[in-house]
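# Understanding the architecture of this molecule
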Amino acid sequence: MNLAAVILAAGKGTRMKSKLPKVLHNLCGSPMLSYVLDAVTAAGVDQPVVVVGHGSDQVARQVAGLAQIALQTEQLGTAHALLQAGPFLQNLPGQLLVLGGDTPLIEADTLAGLVRSHRSSGAAATVLTAEMVDPTGYGRVVRGQQGGVCKIVEQKDASPEEKRIREINTGIYCFEVAGLFEALSLVAPINVQGEYYLTDIIEMYVNEGRAVGAVLLKDSTEVTGINDRVQLAEVEQIMRRRLLRDLMKSGVTVVDPASTFVGRKVRVGRDTIIHPFTLIEGSTVIGEDCVIGPGSRLSNTTVGSGVTVQNSIVLDSLIGDNCNIGPFSYLRPETRLGNGVKVGDFVEIKKSLLGAGSKVPHLSYVGDATLGEKVNIGAGTITCNYDGYKKSPTHIGDEAFIGSNTNLVAPVEIGARAVTGAGSTITRNVPADALAVERAKQNVLPGWAARKKEKK
């Protein structure tokens, strides 16, 4: 039996005060709309349709390949929005889930349960409802004497008695497709807002004698909507707790979940410890037995096992096993570290390959460079990779030793096991096993300091 879904994502989201369409605002690194799409897919939907309006091009690009797009050129209400999906679905045999794109906490199991209840009851429409301590702002579910759903009344159209009802419409429905779009075409904008309400379908079905069911949601948090940035932050906290809970259940230690921020696509291996004030985002993958943080940020980075990253930033990089990074290191995009590499305090690495066992312990910049295995970079070393016009590479062979405060003026090659003297500026290639020293001659003037003091 076919199951489709329509996700209503045409609204502007005025209260977000943003150029970005509301449904594209991020939660834990992913647009809120993506959570809804994933939920309907996991619930068994094989034909999702997203109704777009404000920022339609941006939203369409986001869901390209994941859903069909229906355009609502004028935002005239939820019934009008659903009607725009008619050309894709009106001849579909089966059921249709309808929900908003701004409820990213909805769970796939909840949607699947709604569909099961709808199918078993034989209803024409089934509404997902919830009990709210404070139902202000929500449409109220009005029930008859026998307990069945009679209608849904929006807050602005509700009477004082109806406003006291605590059971609310979540805005999530399951419909039989047969007859739905014909009924939608009969909805009229007879309300305070002057809009075409999807909720009017419920009363229409009841008046026609068609069965309408309801499923009461156990956890109303799932249908928390997002209308402004305050609610965005509140929902992000809930989402983050979910993600961290799943990590901890999988064998990851999160020392302080309240101060740890992990993106939705992040994967972390068992027995890894994440310390406070750490941000892990994008498609980052971390192996087992790592120690990440405190105070670190990793983005779109692959990290091996047994790695330590303290108080550092690592972006778009590849880290081998048993590396030690930080504190206060900065690994910029396209950095690749072999196994057992050390990158120490106040070191910046950019677009460079460091072979296994190499060390850049402190106070250095390595850019556009290739280091062999077991290379030692002394404190204060700089690869001078930019001449004002272009970037040039530096190549350092296996087991080379670069003395402290060396400037390597690219393009330049240092051979295997070669040594540079501290304080040298190396402008020419150094062959393997050689010593390169470039310093001005040291002059010593005895008694100079005393004479100067006496003169003053």
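It should be noted that the structure appears before, not after, this text.
Notes on the structure in this doc start here. (Residues numbered from 1 in each chain as written. Predicted model: local features only at pLDDT ≥ 70, side-chain atom pairs only at ≥ 80, totals over all residues. Heavy atoms only, no water.)

A count of helices and strands for the protein gives ten helices and 39 strands. Computed over the C-alpha atoms, the radius of gyration of the protein is 31 Å, more than 25% above the 23 Å expected from 2.2 N^0.38 for a compact globule of 456 residues. Expressed along its principal axes, the backbone C-alpha trace of the protein runs to roughly 110 × 55 × 45 Å. Residues classed as buried in the protein amount to 48% of the 456 residues present. (Helix = DSSP H or I, 4+ residues; strand = E, 2+ residues; numbered from the N terminus. Rg over C-alpha atoms; globule rule 2.2 N^0.38 Å. Buried < 20%, exposed > 50% of the residue type's maximum accessible area, 1.4 Å probe, protein only.)

In this structure, the amide linkage connecting glycine 293 to the following residue, proline 294, adopts the cis form with an omega of 5°. Mapped onto the fold, proline 294 is located in the loop between β18 (291-292) and β19 (297-299). The omega torsion of the bond from glycine 326 to proline 327 falls at 0°, within 30 degrees of zero and hence cis. Looking at the element boundaries, proline 327 is found in the loop between β24 (324-325) and β25 (330-331). Of note in the backbone geometry, aspartate 289 takes a positive phi value of approximately 60° without being a glycine. Within the secondary structure, aspartate 289 sits in the loop between β17 (285-286) and β18. For aspartate 289, a relative accessible area of 46% gives the class partly exposed. Residue lysine 374 is not a glycine yet carries a positive backbone phi of 55°.

Turning our eyes to something else, we now look at the layout of surface pockets. Rolled over the atoms, a probe sized like a water molecule indicates the empty space that remains. By volume, the largest pocket is sized at about 1700 Å³. For the largest pocket, the lining is made up of 44 residues, of which Arg15, Lys22, Thr78, Asp102 and Asn227 are closest to its centre. Ranked by residue count, the leading element in the lining of the largest pocket is strand β10 (residues 167-176), at five residues. Split by residue class, the lining of the largest pocket holds 14 nonpolar, 22 polar and eight charged. For the second largest pocket, the calculated volume is near 430 Å³. In terms of residue count, the dominant contributor to the lining of the second largest pocket is helix α9 (residues 229-249) (six residues). For the lining of the second largest pocket, the class distribution of residues is 13 nonpolar, two polar and seven charged. (1 Å grid on protein atoms, 1.4 Å probe; cavity = no way out; pocket = protein on both sides within 12 Å on 5 of 7 lines; lining within 4 Å. Points joined across faces, edges and corners; volume = space filled by probe spheres on them. Nonpolar A, V, L, I, M, F, W, Y, C, P; charged D, E, K, R; others polar.)

Moving on to the packing of aromatic side chains. The geometry of an aromatic ring pair comes down to the distance between the two centres and the angle between the two planes. If you walk through the whole model with that rule in mind, you get two aromatic pairs. Taken together, a centroid distance of 5.4 Å and an interplanar angle of 25° make the contact between tyrosine 173 and phenylalanine 175 stacked. Considered together, tyrosine 173 and phenylalanine 175 belong to a single accessibility category, that of buried residues. Measuring from centroid to centroid gives 5.3 Å for phenylalanine 328 and phenylalanine 346, while their planes differ by 20°, and the two rings are stacked. You can see phenylalanine 328 sitting in the loop between β24 and β25 and its partner phenylalanine 346 sitting in strand β27 (residues 342-350), a full 18 residues away along the chain. The ring of tyrosine 386 has lysine 391 sitting right over it, with the charged end atom 5.5 Å from the ring centre. (Phe/Tyr/Trp six-rings, centres within 6.5 Å; stacked < 30°, edge-to-face > 60°. Lys NZ or Arg CZ within 6 Å of the ring centre and 35° of its normal.)

Note that every value here comes from positions in space, so none of it alone points to a role or purpose.
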